[in-house]
Amino acid sequence: MFYLTNFSYFEPYLFPLHLIKGKAKYIKKNVIIGPYPNKRELKILKEKLRITIVISLLNPNLPPEKSLLNDELKNTKELGLKFYNYPFNYFNLKSEYNLSMIKKIKSLIEKNPQEIFYIHCYFGKHRVKLVEEYTKNETLY
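Residues numbered from 1 in each chain as written. Predicted model: local features only at pLDDT ≥ 70, side-chain atom pairs only at ≥ 80, totals over all residues. Heavy atoms only, no water.

**Structural notes on the nonpolar core**
By size, the foremost hydrophobic cluster in this structure holds 22 residues, and its most contacted members are Ile55, Leu57, Phe88, Ile105 and Ile119. Where this core is concerned, the elements lending two or more residues are strand 2 (31-34), strand 3 (53-56), helix 4 (96-111), strand 5 (117-120) and helix 5 (127-136). Among the elements that line this core, the one with the most residues is helix 4, at six residues. For Phe88, the contacting residues outside a window of four places in its chain are Leu57, Asn59, Tyr97, Asn98, Met101, Ile102, Ile105, Arg127, Leu130 and Val131. Tyr36, Val54, Leu58 and Leu79 belong to the second-largest nonpolar core, a separate cluster that totals 14 residues. (Core = buried A, V, L, I, M, F, W, Y, C linked by side-chain atoms within 4.5 Å. Buried < 20%, exposed > 50% of the residue type's maximum accessible area, 1.4 Å probe, protein only. Helix = DSSP H or I, 4+ residues; strand = E, 2+ residues; numbered from the N terminus. Contact = heavy atoms within 4.5 Å.)

Structure, rendered in structure tokens:
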């Protein structure tokens, strides 16, 4: 029963989950997508890739993701990064709700071309792929 209440076992950078997480990659000159970053990874993203804004697609209604969001909020603050949460529904990816979140993300990116964004979901393979698909295109529909 303890494992159900301690969600640190589900952190995507821990063994064995780290074996299946995606890799960070550029989808635009100033936009990188990838998996959830722990504090060490955030520091590397900031120092080496010069990210200034982190956009999380994690959903606080999912208990393991809520725990990760709380850690991430603390970590981004400590590292002096701006943080936004646009929670996506995990299922029904192309829902109207998720597409409305993508519009908000695109607007934030367009209004801040001088910033370097890191956008992530849990493993960097599912929800960020939707952002990649719609960010490359000019229109959502």
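**Some words on the confidence of the model for the protein**
Averaged over all residues, the pLDDT of the protein is 86; the fraction at 70 or higher stands at 82%. Confidence over residues 1-9 falls short of pLDDT 50; this stretch has eight contacts with residues more than four positions distant or in other chains. (pLDDT = per-residue confidence, 0-100.)

**A closer look at the packing of aromatic side chains**
For any pair of aromatic rings, the description rests on two quantities: the centre-to-centre distance and the angle between the ring planes. According to the stated counting rule, one finds three aromatic pairs in the structure shown. Taking the centre distance of 6.4 Å and the plane angle of 10° together, the rings of Tyr84 and Tyr86 count as stacked. Given the relative accessible area of 30%, Tyr84 is considered partly exposed. On the numbers, 4.7 Å between centres and 80° between planes, the contact of Tyr122 with Phe123 is edge-to-face. Here Tyr122 falls in the buried class, since its relative accessible area comes to 12%. (Phe/Tyr/Trp six-rings, centres within 6.5 Å; stacked < 30°, edge-to-face > 60°.)

**Considering a nonpolar patch on the surface**
A surface patch of nonpolar side chains, amounting to about 320 Å² of accessible area, comprises Leu62, Tyr90 and Phe91. Along the chain, Leu62 falls in the loop between strand 3 and helix 3 (63-79). (Patch = residues over 30% accessible without salt bridge, like charges linked within 9 Å, V, L, I, M, F, W, Y side chains within 5 Å. Areas by Shrake-Rupley, 256 points an atom, 1.4 Å probe, with all protein chains shown as cover. Salt bridge = Lys/Arg side-chain N within 4 Å of Asp/Glu carboxyl O.)

**Observations concerning the side chain of Glu132**
Note that Glu132 resides in helix 5. If we skip the residues at most four places from it in the chain, Glu132 touches Lys25, Ile27 and Ile33.

**Observations concerning unusual backbone geometry**
The phi angle at Arg50 is positive, at roughly 65°, despite the residue not being glycine. Here Arg50 is to be found in the loop between helix 2 (39-49) and strand 3. Of note, Asn92 is a non-glycine position whose phi angle comes to about 55°, a positive value. With relative accessibility at 58%, the residue Asn92 sits in the exposed group.

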